[in-house]
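# Residue-level structure breakdown
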Amino acid sequence: MEGLTLDMLLGALLIFALRIVDVSLGTLRIGMLVRGKRRLAGVLSFFESLIWLVAAAQVLGKLESPIQFVAYAGGYATGTMLGANIERWLAVGKVVLRVIVPVSAPDVQDALRQAGFFVTTVNASGRDGEVRVMFSVIARKKLRAALRVIEGTYPRAFITVEEVTTAQLQEVATREDRLSRRFRMIRK
């Protein structure tokens with residue numbers, strides 16, 4: 001095996017960069033699929049696989065150079081972390097925020113409503129007595145704002161957050177309303 005050349009280093013750098021891009025796209029693709037954004041996921045998968053093919057061809061064309069292998073694996077790891085950060089930054093989709101507080105706690109539901117969040121509250125019985133369980137479906141981008149409202153109102157609240165897909169009934173009803181309006185316009 002010969003010494004490290006500028007060509008090998010540039011090739012390794014190219015592989016590293018290509019892997020960062022393709023793995024980041026893969027991470028975003030999975031996030032879009034989970035959130036029901038199939039078309040966007042399809043577009044991302046096209047570019048992800050195209051870039052992967054170029055990176056793999058670079059590595060397979062130079063099997064005698066271990067630096068290419070390290071660049072390939074390093075790009076994969078870096079792309080995973082970068083893709084996760086980009087996905088979190090984009091904050092696409094909605095979450096269900098569940099807040100549990102004792103009945104005697106300050107009024108968290110009113111504080112959330114005053115901040116512009118929709119809240120559904122259910123009275124329940126917990127381990128230590130009567131509680132209120134609040135549910136709110138919010139955009140992921142607004143999660144931090146909602147958490148600040150809760151923290152400012154009752155810092156001891158028990159909070160869980162779950163990813164959700166949008167309720168399909170609401171979307172179906174909207175489509176049905178549009179269709180019925182179109183048919184009414186056609187009949188007139």
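Structure's up top.
Keep in mind the model is a prediction, meaning the values are calculated, not measured.

## Concerning the packing of helix H1 (residues 6-34) against helix H3 (residues 66-90)
In contact at an axis separation of 6 Å, H1 and H3 are set at 35 degrees when each is read in the N-to-C sense. Viewed along their axes, H1 and H3 form a crossing whose handedness is right-handed. In terms of residue class, the contact of H1 with H3 is built from 16 nonpolar, 10 polar and 2 charged.

## Thoughts on the pattern of salt bridges
Following the criterion strictly, the structure yields 7 salt bridges and no others. In this structure, the salt-bridge partner of Arg140 is Glu87, at a minimum N-O distance of 2.7 Å. With Arg140 in the loop between strand S3 (129-139) and helix H5 (143-153) and Glu87 in helix H3, this residue pair connects regions lying 53 residues apart in the sequence. As far as burial versus exposure is concerned, Arg140 and Glu87 are alike and both buried. Note that Asp110 is salt-bridged to Arg113, the shortest N-O span being 3.8 Å.

## Focus on H3
Along its 25 residues, H3 runs 36 Å from first to last C-alpha, staying within 8% of the 36 Å computed at 1.5 Å per residue. Among the residues of H3, Gln68, Ala71, Gly75, Gly79, Gly83 and Glu87 are the ones counted as buried. Looking at the buried residues of H3, the elements they touch are H1 and helix H2 (38-60). Remark: Ala91 follows H3 within two positions and exhibits a positive phi of approximately 50 degrees.

What counts as what
- Residues numbered from 1 in each chain as written.
- Predicted model: local features only at pLDDT ≥ 70, side-chain atom pairs only at ≥ 80, totals over all residues.
- Heavy atoms only, no water.
- Axes fitted to C-alpha atoms, helices over the stretch in contact; angles between N-to-C directions.
- Helix = DSSP H or I, 4+ residues; strand = E, 2+ residues; numbered from the N terminus.
- Left-handed = near helix turned anticlockwise from the far one by under 90°.
- Nonpolar A, V, L, I, M, F, W, Y, C, P; charged D, E, K, R; others polar.
- Salt bridge = Lys/Arg side-chain N within 4 Å of Asp/Glu carboxyl O.
- Buried < 20%, exposed > 50% of the residue type's maximum accessible area, 1.4 Å probe, protein only.
- Expected span 1.5 Å × (residues − 1).
- Contact = heavy atoms within 4.5 Å.

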